[in-house]
Amino acid sequence: NEIKKFTPELTRYIHHVSDRTRDKAKIRQSNIVITTYGTLRSDIKLLIDGEFDCVILDESQAIKNPSSKVTRAAGLLRARQRLCMSGTPLQNNTFDIFAQMNFLNPGMLGTLEFFRQEFAIPIDKLGDPERKDHLRKLLYPFVLRRTKEQVAKDLPEKTETILFCEMEAKQRAIYDAYRNDYRDKILGVIDEQGIQKSQLTILQGLMKLRQICDSPSILNEPEPFPAVSIKLEELTREITENIGNHKALVFSQFLGMLGLIRKKLTELDIPFEYFDGSTSATDREKAIQNFQNNEECRVFLISLKAGSAGLNLTAADYAYIVDPWWNPAAEQQAIDRTHRIGQTKSIFAYRMICKDTIEDKILQLQDRKRALARELIADDDGFVKNLTKEDVLYLFS
C-alpha cells in the first residue's frame, strides 16, 4: 500500500504463500521483493542466487538470536548495502544487538563468545559503565536514531496516564492468597537452588499474579474462579461514559482477558474489531479497514504481541494497556499504533494498574530499564534474569 502511494513507478513482488514462484528469474524482474522472515528461512537457496542492491530487515529484532535459522539465512543474503530497521533493537539485554550488528557489519563486534565476555556479561550482569560507553561508541557511527518528536514535528500531543484500579474484596482475597503462597514457594526455591535457578518459578508467580489483576477467572485452574474484574468494570465505564464518540485501542497480553472484554462489549451492543496472533493476514486487513473507516466501530481489541508492530490505526485517539508488563518498549510500540504520521487528534493513553499489587511495584522497576534505554540504544535489560533476592521480596510483598 505504501509503495502504491509513494513510489508507484517501482515494480514489486510479494514472495509469500504456498503457491509462490520457484522461478529465480521472476524474482529478479521486480524492483522490490517483499517477503516474511519465515519464508526467507524456507527459501534461502532461492533468494541467495544473485546480488541485491539493498537488503532491508524491518523489525530487525526478529534476528536477535544468533543461532536461529532465520538469523543464519539473513546473513547469507548478498547485497551491496544492508539496513536494519527497528523501534526495539534491544528487547531483553545487550546481547540482542550482536546478531543485528553482525548482519550489517560481519565481524565488527568480534566472535559471539568475545562479545559475550567483553560486553554482554560486564554490562548486563555487572552494570559496567566503561564497557557500556565503549560499546555505545562502537555502535554510534552505524546507528541513526530518530525519535518521533524529531521526525514528525506536526504530530499532535500524546498524554500518558496511569489509570489506578482498586480491587474489590473477592478479587483481593484471591490475589493475597496466591501472593503469599508463591512468596513462600519462591523463597524456598531461592534458598535451595539460588536465584539463577529460580527464574522459572519467579516467572510463573509473576504471571499468575498479573492474571489475577485482570481477573482470577482467566487462571488455568481445575476449579474455575469467578469472573470478578475491577479492570473490566473500569474499562467498560471508560468506553461507555468517558470517550464519547472517539475510537479506542485496547491491548492485553492475555487472550482470556480479551475474551472477557469481547463478551462484555457484545452484551452492551458496542461494535468492535478484534485480532490476536492467530488471526490471518486477510482477516487482520479487513478488521483494520473496518475500524479505520466505519464510524460505528469504536473499539479495537488487540493482543499486545500481535499489535505492537506494523499497524497504522490513526482513527483511534484513545489507547488502553489493560495489563502493563516489564517491557516499556513493547507498550510504547502498542500505544504508537495510533500516534503516527497522519494523526490529527491528540492521543490519550492509559495504563491500567491495580493498586498495591505486582503491577504497582513493576512500575518502579521499569524506571531502571528506561535509564538503560537512554544510555545504550536499548529498552530493557533482562527483567527476570536481573532480579535480586531483594527485588523478589519486594515484588511479592
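Up top is the structure these notes are about.
Thresholds applied
Residues numbered from 1 in each chain as written. Predicted model: local features only at pLDDT ≥ 70, side-chain atom pairs only at ≥ 80, totals over all residues. Heavy atoms only, no water. Helix = DSSP H or I, 4+ residues; strand = E, 2+ residues; numbered from the N terminus. Expected span 1.5 Å × (residues − 1). Bend = angle between axes of the 7 residues up to and from the residue. Contact = heavy atoms within 4.5 Å. Pairing = 2+ DSSP bridges. Axes fitted to C-alpha atoms, helices over the stretch in contact; angles between N-to-C directions. Phe/Tyr/Trp six-rings, centres within 6.5 Å; stacked < 30°, edge-to-face > 60°. Buried < 20%, exposed > 50% of the residue type's maximum accessible area, 1.4 Å probe, protein only. Lys NZ or Arg CZ within 6 Å of the ring centre and 35° of its normal.

## What about helix H7 (residues 112-125)?
Stage number 1. Taking 1.5 Å per residue as the helical rise, H7 with its 14 residues ought to reach 20 Å, whereas the 17 Å between its terminal C-alpha atoms falls clearly short.
Stage number 2. Along H7, the helix axis deviates most sharply at Phe 119, where the bend reaches about 35°; the proline Pro 122 sits within four residues downstream.
Stage number 3. Where H7 is buried, its residues meet helix H6 (96-104) and helix H8 (129-139).
Stage number 4. Positive backbone phi, approximately 60°, marks Gly 127, located one or two places after H7.

## Looking at the sheet that holds strand S6 (residues 248-252)
Stage number 1. Taken in spatial order, the six strands of this open sheet run S5-S10-S9-S6-S8-S7, and their pairing is parallel. In the strand order of this sheet, the two ends are held by strand S5 (158-165) and strand S7 (272-275), each with one partner. Taken pair by pair, the neighbouring strands of this sheet meet at an average axis angle of 20°, ignoring direction.
Stage number 2. Packed onto the sheet, helix H12 (residues 230-242) meets S5, S6, strand S8 (299-303), strand S9 (318-321) and strand S10 (347-354) and runs at close to 155° relative to S10.
Stage number 3. This element, helix H14 (residues 281-293), spans S6, S7 and S8 of the sheet and lies at about 155° to S7.

## Focus on the packing of aromatic side chains
Stage number 1. The final tally for this structure, using the stated rule, is 10 aromatic pairs.
Stage number 2. A ring pair is formed by Phe 95 and Phe 98, whose centres lie 6.2 Å apart and whose planes are at 10°; its orientation type is stacked. The pair Phe 95 / Phe 98 is uniform in exposure class, with both members buried.
Stage number 3. Relative to Tyr 350, the ring of Tyr 320 has its centre 5.2 Å away and its plane inclined at 15°; by these criteria the two rings are stacked. Of the two residues, Tyr 320 is situated in strand S9 and Tyr 350 in strand S10; the sequence distance between them amounts to 30 residues. The residues Tyr 320 and Tyr 350 share a single accessibility class, namely buried.
Stage number 4. Feature note: the residues Phe 95, Phe 98, Phe 115 and Phe 119 constitute an aromatic cluster, connected by ring pairs.
Stage number 5. The residue whose ring lies beneath Arg 262 is Tyr 274, and the NZ or CZ to ring-centre distance is 3.9 Å.

## So, the environment of Asn 105
Stage number 1. Among the structural elements, Asn 105 can be located in the loop between H6 and H7.
Stage number 2. Note: C-alpha distance between Asn 105 and Phe 142 (37 residues apart in sequence) is 9.2 Å.

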